[in-house]
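Breakdown of the fold
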Amino acid sequence: MKKVILAHPYSAEAVERLRRDFELVLADQEGGLPACCRRHADAEALISFLSDPVGRDLVASLPRLKVIANFAVGYNNVDVAAALERRVLVTHTPDVLTQATADLAMALILAASRRVVEGDALVRAGDFHGWQAGLLLGKELNGSVLGIVGMGRIGLAVAQRARAFGMKVVFYSRGPKPQVERKFGFARVTFLELIRSADVVSLHLPYSPGVHHLFSHDVFALMKRDAVFVNTARGPLMDEAALADVLARNELFAAGLDVYEEEPKVNDRLRKLQNVVLLPHLGSATGATRRRMAMMTVEAVRQALAGRKPKHLIPEWKERLKKK
Ligand code: GLV
């Protein structure tokens, strides 16, 4: 039986499926992923999580590896160049988490704009002493401008939700998106135009070193003073210390974060601020979505180990196959 390494436990149904066809090794029971890979160097598939660095050394420690099935849509935890060099297929889990992640982005936009978490804390602390005209005043979404940075699947799903809240949507994307502009009427603007004009900025682009700290101190400084900043994409897209600075000085209204630069670490100063909502990377965290993601990784392993082309290869692999 071919050997498959699963980095951490997930859907029981997916585990059972894997066990039908493969010898399944659970890395958590083998001293963690790097030690497990050394011990099971004959493994042919690896199911990794976004929290697992799958670097060059790890790839090299599995000489028979045919596929890395990453249990996430983002795959910046995987050294793609090393995988391509070794002809190891890499798959991810697009589409199935789009709606769940867009819901969570919307939840952060609403929570940060309307001070939902501050209100909850106030009530729990016994500090609600009756309705007051000036209590916890927030920002209205209706009529405000949402700037979507990265108009992919998730960005578009957030934009559609925001429209139902009466927001005007503008977006920044590297390439033109004529269909999005035509079909939905969302306007593509330059990065600077977006940063300067948006009342809410929401990040929806994949991380790569080229966009490290895209949201730097200088960029935060250009945003409106009463803007809301939301990141459900990847932590290193923003300079967390710079964000803490501007929030502490009330140079932004509020922020909502689901991701951090060095997860699970969160900047200490951010944790002490009231005007930021902090979630523990929950974008795709619904039972139904996580199940679909898990089954997608099972399918990817089955396809790759049967010598077929997995359906959800990462774009870099699709490009490579196109060139052939
Ligand atoms: C979550 O962050 C994902 O990339 O799936």
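Reading the values: the criteria
Within each chain, residues carry numbers counting from 1 in the order of the written sequence. For this predicted model, a pLDDT threshold of at least 70 governs which residues receive local features, and a threshold of 80 or more governs which side-chain atom pairs are given and counted, while totals over whole chains, interfaces and linings are taken from all residues. With hydrogens and water excluded, all non-hydrogen atoms of the structure serve as input to the side-chain values. Numbering of helices and strands starts at the N terminus; helices are DSSP runs of H or I of at least 4 residues and strands are runs of E of at least 2. Here the term buried applies to any residue with accessible area under 20% of the maximum for its type, exposed to any over 50%, and partly exposed to those in between, with areas from a 1.4 Å probe on protein chains only. The contact definition used throughout considers only heavy atoms, calling two residues in contact when any of these lie within 4.5 Å. In short, Shrake-Rupley with a 1.4 Å probe defines the accessible areas, and a residue's cover is counted only from the protein chains shown. Charge convention: Lys and Arg are scored as positive, Asp and Glu as negative, and His as well as the terminal groups of each chain are ignored. By convention, the charge on Lys lies at NZ, on Arg at CZ, on Asp at CG and on Glu at CD. Where each domain begins and ends follows an automated or database-derived domain assignment. Simply put, the buried area is the total loss of 1.4 Å probe accessible area from both parts when two parts are fitted together. Salt-bridge detection follows one rule: a side-chain nitrogen of Lys or Arg within 4 Å of a carboxyl oxygen of Asp or Glu.

This part covers the overall build of the chain. Looking only at helices and strands, the chain features 14 helices and 12 strands. By principal-axis analysis of the C-alpha atoms, the chain measures approximately 70 × 50 × 30 Å. Burial analysis of the chain (324 residues in total) assigns 52% to the buried set. The long-range share in the chain, meaning contacts at least 24 apart out of those at least 6 apart in sequence, stands at 60%. Looking at the chain as shown, the accessible area adds up to about 15,600 Å², and 54% of this sits on carbon and sulfur atoms. Separation of charge centres in the chain, based on 46 positive and 35 negative side chains, amounts to 7 Å.

Structurally, the chain comprises domain 1 (3–96 + 287–323) and domain 2 (98–278). Computed from C-alpha atoms alone, the centre-to-centre distance between domain 1 and domain 2 is 32 Å. Taken together, the contact between domain 1 and domain 2 spans 10 residues of the former and six residues of the latter. Overall, the association of domain 1 and domain 2 removes approximately 600 Å² of surface from exposure, summing both partners, and the carbon and sulfur fraction of that is 45%. On the domain 1 side of the interface with domain 2, the three residues burying the most area are Leu 50, Asn 76 and Asp 95, jointly 63% of the side's total. Where domain 1 touches domain 2, the interface holds one salt bridge.

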